[in-house]
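Summary of structural features
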Amino acid sequence: MMKKLISVFALFFMLQASNILAHGGGHGPISQFKAVTIALDAADQFTNLDPGLGFGKLDSSWKGLSRDTSTIATKGKGYYIVSVENKAQGKTLYILMSASGDIYDANFTGEFPKVK
């Protein structure tokens, strides 16, 4: 359990490092363009390590997907759900993130029960 927790923490740290640099001093809302960029970066990172979200490490075909494979599936109050489609795998990864770009969860169903 501890190893899994450390892996998740390391993943979130890596994903947010570029996000922090891009924002400078603030944590305001990001654009939809930036949300898609973060989701594509996350899919890329998930090919290198298991994020501890139940689906394991992604196949290398998720690495370097183009921008046109990703879109905003849902924009809610304070969050985005971004879909990233991998035609080679025939799957779509859904990434839940805050409006400021913090990733909270990801899955292949697009359903996040705690999001209302």
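Look up a bit, the structure's there.
Residues numbered from 1 in each chain as written. Predicted model: local features only at pLDDT ≥ 70, side-chain atom pairs only at ≥ 80, totals over all residues. Heavy atoms only, no water.

Looking now at the overall build of the protein. Scanning the protein from N- to C-terminus turns up two helices and four strands. When the helices and strands of the protein are placed in sequence order, the string is α-α-β-β-β-β. Looking at the protein residue by residue over its 116 residues, the buried ones come to 35%. Just so you have it, the protein exposes about 6800 Å², and 58% of that area is on carbon and sulfur atoms. (Helix = DSSP H or I, 4+ residues; strand = E, 2+ residues; numbered from the N terminus. Buried < 20%, exposed > 50% of the residue type's maximum accessible area, 1.4 Å probe, protein only. Areas by Shrake-Rupley, 256 points an atom, 1.4 Å probe, with all protein chains shown as cover.)

Now for the nonpolar core. Ala35, Tyr80, Val82, Val84, Leu93, Ile95 and Met97 are the most contacted members of the largest nonpolar core, which has 20 residues in total. Of all the elements in the fold, those that place two or more residues in this core are helix H2 (32-46), strand E2 (79-86), strand E3 (91-98) and strand E4 (103-107). Looking at which element gives the most residues to this core, the answer is H2, with eight residues. Leave out the neighbours within four places in its chain, and methionine 97 touches Ile30, Ala35, Ile38, Ala39, Gly78, Tyr79, Tyr80, Val82, Asp102, Ile103 and Tyr104. (Core = buried A, V, L, I, M, F, W, Y, C linked by side-chain atoms within 4.5 Å. Contact = heavy atoms within 4.5 Å.)

Residue position: serine 83 is located in strand E2. Setting aside chain neighbours within four positions, we find serine 83 in contact with Thr69, Ser70, Thr71, Ala73, Thr92, Leu93 and Tyr94.

A word on the sheet that holds strand E1 (residues 70-76). Strand order in the open sheet formed by four strands is E1-E2-E3-E4, and the pairing between neighbours is antiparallel. Strands with a single pairing partner mark the edges of an open sheet, and in this sheet they are E1 and E4. In this sheet, neighbouring strand axes are inclined to one another by 20° on average, regardless of whether the strands run parallel or antiparallel. Across four bridges, E3 lies against E4 in antiparallel orientation. Across the sheet, residue methionine 97 finds its bridge partner in E4, namely isoleucine 103. (Pairing = 2+ DSSP bridges. Axes fitted to C-alpha atoms, helices over the stretch in contact; angles between N-to-C directions.)

This next bit is on H2. Taking 1.5 Å per residue as the helical rise, H2 with its 15 residues ought to reach 21 Å, and the 21 Å between its terminal C-alpha atoms agrees with that figure. Of the positions making up H2, those classed as buried are Ala35, Val36, Ile38, Ala39, Leu40, Ala42, Ala43 and Phe46. (Expected span 1.5 Å × (residues − 1).)

Turning to the pairing of E3, a few remarks are in order. One ladder, built from eight bridges, connects E2 with E3; its direction is antiparallel. Looking at the pairing, tyrosine 80 lines up with methionine 97 of E3. Turn length for the E3-E4 hairpin, with the two strands adjacent in sequence and antiparallel, is four residues, and the turn residue glycine 101 shows positive phi of about 100°.

By the definition in use, this model includes one salt bridge. A salt bridge links lysine 63 to aspartate 44; its shortest N-O distance comes to 3.9 Å. Placement of the pair is lysine 63 in the loop between H2 and E1 and aspartate 44 in helix H2, with a sequence separation of 19 residues. (Salt bridge = Lys/Arg side-chain N within 4 Å of Asp/Glu carboxyl O.)

Our next topic: the side chain of threonine 47. Among the secondary structure elements, threonine 47 is positioned in the loop between H2 and E1. Exposure remark for threonine 47: the relative accessible area of 9% places this residue in the buried category. At 2.5 Å, the side chain of threonine 47 and the backbone oxygen of aspartate 44 are in polar contact. Among the polar contacts listed, one links the side chain of threonine 47 to the side chain of lysine 63, at a separation of 3.5 Å. Look past the residues within four positions of threonine 47 in its chain and what remains in contact with it is Lys57, Leu58, Asp59, Ser60, Trp62 and Lys63. (Polar contact = N/O pair within 3.5 Å; in protein donor to acceptor, adjacent residues only side chain to side chain.)

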